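Listed below are the residues making up each chain.
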Amino acid sequence: MLNTIGVIGLGVMGSNIALNMASKGETVAVYNYTRDLTDQLMERRDDHALHPYYEAQDFIQSLEAPRKIFMMVTAGKAVDSVIHSILPFLEEGDIIMDGGNSFYKDSERRYEELRDKGVHFLGIGISGGEVGALTGPSIMPGGDKEAYDEVASILTKISAKVDGEPCCTYIGPKGAGHYVKMVHNGIEYADMQLITEAYTFLRQNVGLSIEEIAEIFDTWNQGELQSYLIEITASILKKKDEVTGAPMVDVILDKVGQNGTGQWTSIQAIQDGIPSTIITESLFARYISSLKEERVQAEDLLHGPSGEREELNKEKWIEYVRQALYMGKVCAYAQGFAQYKKTSELNGWNLPLKDIALIFRGGCIIRAQFLNVISQVYGENSELANLLVSPFFADKIKDYQKGLRNVVSTGVLTGTAFPCLSSSLTYYDSYRKGESSASLLQAQRDYFGAHTYERKDMTGKFHTNW
C-alpha cells in the first residue's frame, strides 16, 4: 500500500508534523538527509502509521499519485537543495509543499521554476512552534489553488481548530502564504515587545514585584487582552531558577535574537511605502538589546532624569497600563493588516483578511481573543482602509488613549524607553490628523532638489524659485 503523504526534514518541527499527520489517519513516509533523525522519530511513533525511508528515490516511489511531499527544512539554500535532489524522481502533477519560514519571494521563484517542470508548489506558513506542529498549528497555504485542493483535506485535519473550524485556509497565489506568515511574525515581534514594555512599566515605574505582575497578567488573560502571549508571560514570571531560586526572568541575559522574518516584514514595508513603524521599532529594540556590552559601559557615562520618582497609585496605573497595552496591540495589528491589504493590492492576490484573522485564532503564536473582532470588522467591510477607523476599535481607543498617553509620557519623564508603546501613540496621532507638517518637508525637497510639490488650491505639479 502506498503512503498518502511524505515528510522531508525530521527536526523537531518536521517530526511533529509527521506525527500529527499520522495521528489523523494518514500513512506517512518520512525521510531525512541523515539517518539519525529518522531513527529518533521512529522511536516516538507509537502505533501511528509512519514509514521510514533512507534513500530519496525509495521515499518518492512510496507515495501515491499525485505525490504529496511536505518539506520542513531550514529556509534558504537547503530548500533548493532538497527540491533539486528529489526532482528527478517526480512526475507531472506532483506537489511539493514548503512548510519552513522561507522568504516569500523565494517561494515565488520556486513556484515559477517548478511550474515550468509540471510540478506544483505550495509555500505554506506554519505557526505554533513545536507544540503546535504536533497538536495543531495555524496553516497559511499559498500557491497553486489546484494543488491546495488536492492537499486541503490533510492540511485542515492537522490544523488547530476553533469552534470546530480549522485554522487553515487558502491564502492566495504564488508566495502569498509565506508572505502572510512573514507579516504574522512581524506582528508577533511587536506584540511581544509591547508586553515586555507593559511589564517594565509595572515593575520599574509602579514598583510591583514579579509575583504581583504575574497575577496581573493572569487576570488580564481572563478579559479582552486574552491571548497566548499574555498567558505564557504570566507563566514565565512565575518560574524560578532551579539553581539560584531567583525568578527565571532575572537570570536570563537581556540579549534577544531574531530569525529574519521580522526583518523581512520591515524591509518589505519600507520598499512598498507602508508605515509599519511599531513592527520595525520592535525589530530595532532587539538590535539594541544585542549591544549588551556597550550598554553596560554607557550606563556609567550617560545619565537620565535626576530626582526621585513619583510614587504612583497602583490600582489606577495598573489600569492605565492595561489600556496602553490593548491600544498598542490594536495599533500593531492595524499596521500588520494594513500591510496585508496594500501588498495584496500591489500583487493582485486578493488576500482574505477576514479568514486570515480567523485562522490566527488557534495554533499560532499571536492567537488572541480580539481576532474574532478583527475578522468581524473585515467581514462587514473588506475594503476597510485601517482597523483604527472601524467603529468598534475607534470607540474603544477613544477611551484607552488616556492610558497610553500617561504611560508613554511617564516613561519619557523617568527615562524609561518604551519604543513600541511610544511608536503606537505616534502612529495613532499621525493617522488621525487630516493636516500634518509634511508641507514643510515637501518645500525643503523642492528648495534643494527641485522635486516639485502639489498645491491645496490647484491641481498639477509646481516648483518655486526659492
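Residues numbered from 1 in each chain as written. Predicted model: local features only at pLDDT ≥ 70, side-chain atom pairs only at ≥ 80, totals over all residues. Heavy atoms only, no water.

The name recorded for the chain in an unreviewed UniProt entry is 6-phosphogluconate dehydrogenase, decarboxylating, from Bacillus coahuilensis p1.1.43. The heading Catalytic activity (unreviewed entry) in the UniProt record of the chain holds the text "6-phospho-D-gluconate + NADP(+) = D-ribulose 5-phosphate + CO2 + NADPH". Quoted verbatim from the Function (unreviewed entry) field of UniProt, the annotation for the chain is "Catalyzes the oxidative decarboxylation of 6-phosphogluconate to ribulose 5-phosphate and CO(2), with concomitant reduction of NADP to NADPH." (UniProt positions renumbered as here; feature names shortened; annotations may be inferred.)

Quick word on the overall build of the chain
Scanning the chain for helices and strands turns up 20 helices and nine strands. Here the C-alpha atoms of the chain give a radius of gyration of 25 Å, agreeing with the 23 Å that 2.2 N^0.38 yields for 466 residues. Based on the C-alpha atoms only, the size of the chain along its principal axes is roughly 75 × 70 × 45 Å. Looking at the 466 residues of the chain, the share that counts as buried comes to 51%. (Helix = DSSP H or I, 4+ residues; strand = E, 2+ residues; numbered from the N terminus. Rg over C-alpha atoms; globule rule 2.2 N^0.38 Å. Buried < 20%, exposed > 50% of the residue type's maximum accessible area, 1.4 Å probe, protein only.)

Here's the deal with the environment of Lys-117
Its location among the elements puts Lys-117 in the loop between helix 5 (104-115) and strand 6 (120-127). Along the backbone, Lys-117 and Tyr-31 are 86 residues apart, and their C-alpha atoms lie at a distance of 23 Å.

Considering helix 1 (residues 12-23)
Its 12 residues place the ends of helix 1 16 Å apart at the C-alpha level, agreeing with the 16 Å of an ideal helix rising 1.5 Å per residue. Within helix 1, nine of the 12 residues are buried, leaving the element largely enclosed by the surrounding structure. Listed in full, the buried residues belonging to helix 1 are Gly-14, Ser-15, Asn-16, Ile-17, Ala-18, Leu-19, Asn-20, Met-21 and Ala-22. At the C-terminal side of helix 1, Gly-25 shows a positive phi close to 95 degrees. (Expected span 1.5 Å × (residues − 1).)

Concerning the sheet that holds strand 7 (residues 138-143)
The strand order across the open sheet built from seven strands is 3-2-1-4-5-6-7, with neighbouring strands paired in mixed fashion. Each having just a single partner strand, strand 3 (50-53) and strand 7 make up the two edges of the open sheet. Strand-to-strand, the axes of this sheet are offset by a mean angle of 25 degrees, without reference to chain direction. Where strand 1 (residues 5-8) lies against strand 4 (residues 68-71), three bridges are found, and the strand directions are parallel. By the bridge assignment for strand 4, Gly-6 is matched with Ile-69. Helix 5 rests against strand 5 (95-98), strand 6 and strand 7 of the sheet, and its axis sits at about 155 degrees to strand 6. (Pairing = 2+ DSSP bridges. Axes fitted to C-alpha atoms, helices over the stretch in contact; angles between N-to-C directions. Contact = heavy atoms within 4.5 Å.)

Remarks on the packing of helix 8 (residues 176-205) against helix 12 (residues 261-271)
At a closest axis distance of 8 Å, the pairing of helix 8 and helix 12 adopts a crossing angle of 105 degrees. Here helix 8 is positioned roughly perpendicular relative to helix 12, judged by the angle of their axes. Across the interface between the two elements, Tyr-179, Met-182, Val-183, Asn-185, Gly-186 and Tyr-189 of helix 8 pack against Thr-261, Gly-262, Trp-264, Thr-265 and Gln-268 of helix 12. Looking at side-chain class alone, the contact of helix 8 with helix 12 contains five nonpolar, six polar and no charged residues. (Parallel < 35°, antiparallel > 145°, perpendicular 65-115°, else oblique. Nonpolar A, V, L, I, M, F, W, Y, C, P; charged D, E, K, R; others polar.)

Description of the pairing of strand 1
Alternating residues of strand 1 divide into Ile-5 and Val-7 and Gly-6 and Ile-8, and every residue in both groups is buried. Strand direction decides the pairing type here: strand 1 and strand 2 (residues 28-31), joined by four bridges, are parallel. Bridging from a neighbouring strand, Ile-8 pairs with Tyr-31 of strand 2. This β-α-β element, strand 1 to helix 1 to strand 2, shows right-handed connectivity. (Right-handed = clockwise from strand over helix to strand, strands pointing away.)

Description of empty space enclosed by the protein
Summed over the entire model, instances satisfying the criterion amount to one cavity of 30 Å³ or more. Here the largest cavity defines a volume of roughly 40 Å³. Around the largest cavity, the lining residues are Glu-224, Leu-225, Gln-226, Ser-227, Tyr-326, Lys-329, Ala-368, Gln-369 and Phe-370. In terms of residue class, the lining of the largest cavity is made up of four nonpolar, three polar and two charged. (1 Å grid on protein atoms, 1.4 Å probe; cavity = no way out; pocket = protein on both sides within 12 Å on 5 of 7 lines; lining within 4 Å. Points joined across faces, edges and corners; volume = space filled by probe spheres on them.)

Let's talk about the side chain of Asp-191
Of note, Asp-191 is situated in helix 8. Aside from chain neighbours lying at most four places away, what touches Asp-191 is Leu-229, Lys-329 and Tyr-333.

A look at the packing of helix 8 against helix 13 (residues 277-289)
At their nearest, the axes of helix 8 and helix 13 sit 8 Å apart, and the two run at 65 degrees to each other. Relative to helix 13, helix 8 is oriented roughly perpendicular. Here helix 8 runs over helix 13; the crossing is left-handed. Residues Gly-186, Ile-187, Tyr-189, Ala-190, Met-192 and Gln-193 of helix 8 form the contact with helix 13, whose own contacting residues are Ile-278, Ile-279, Ser-282, Leu-283, Ala-285 and Arg-286. Here the contact of helix 8 with helix 13 is built from residues that sort into eight nonpolar, three polar and one charged. (Left-handed = near helix turned anticlockwise from the far one by under 90°.)

Things to note about the domain arrangement of the chain
How big an interface is tends to be expressed through the accessible area that disappears when the partners come together. Taken as a whole, the chain is organised into domain 1 (5-170) and domain 2 (181-432). Using only C-alpha atoms to locate each centre, domain 1 and domain 2 end up separated by 32 Å. At the interface, 25 residues of domain 1 touch 20 residues of domain 2. Regarding the contact of domain 1 and domain 2, the summed buried area is about 1600 Å², with carbon and sulfur atoms giving 63% of it. In this assembly, domain 1 and domain 2 are joined by six residue pairs in polar contact (both at pLDDT 80 or more). For the side of domain 1 that touches domain 2, the elements supplying multiple residues, two or more each, are helix 5, strand 6, strand 7 and strand 9 (165-166). Here the side of domain 1 that touches domain 2 is composed, by residue class, of 12 nonpolar, nine polar and four charged. (Domains from an automatic or database assignment. Buried area = accessible area lost by both parts, 1.4 Å probe. Polar contact = N/O pair within 3.5 Å; in protein donor to acceptor, adjacent residues only side chain to side chain.)

A short note on the environment of Glu-281
With respect to the helices and strands, the residue Glu-281 is situated in helix 13. Counting along the chain gives 120 residues from Glu-281 to Gln-401, while the straight-line C-alpha distance between them is 20 Å.

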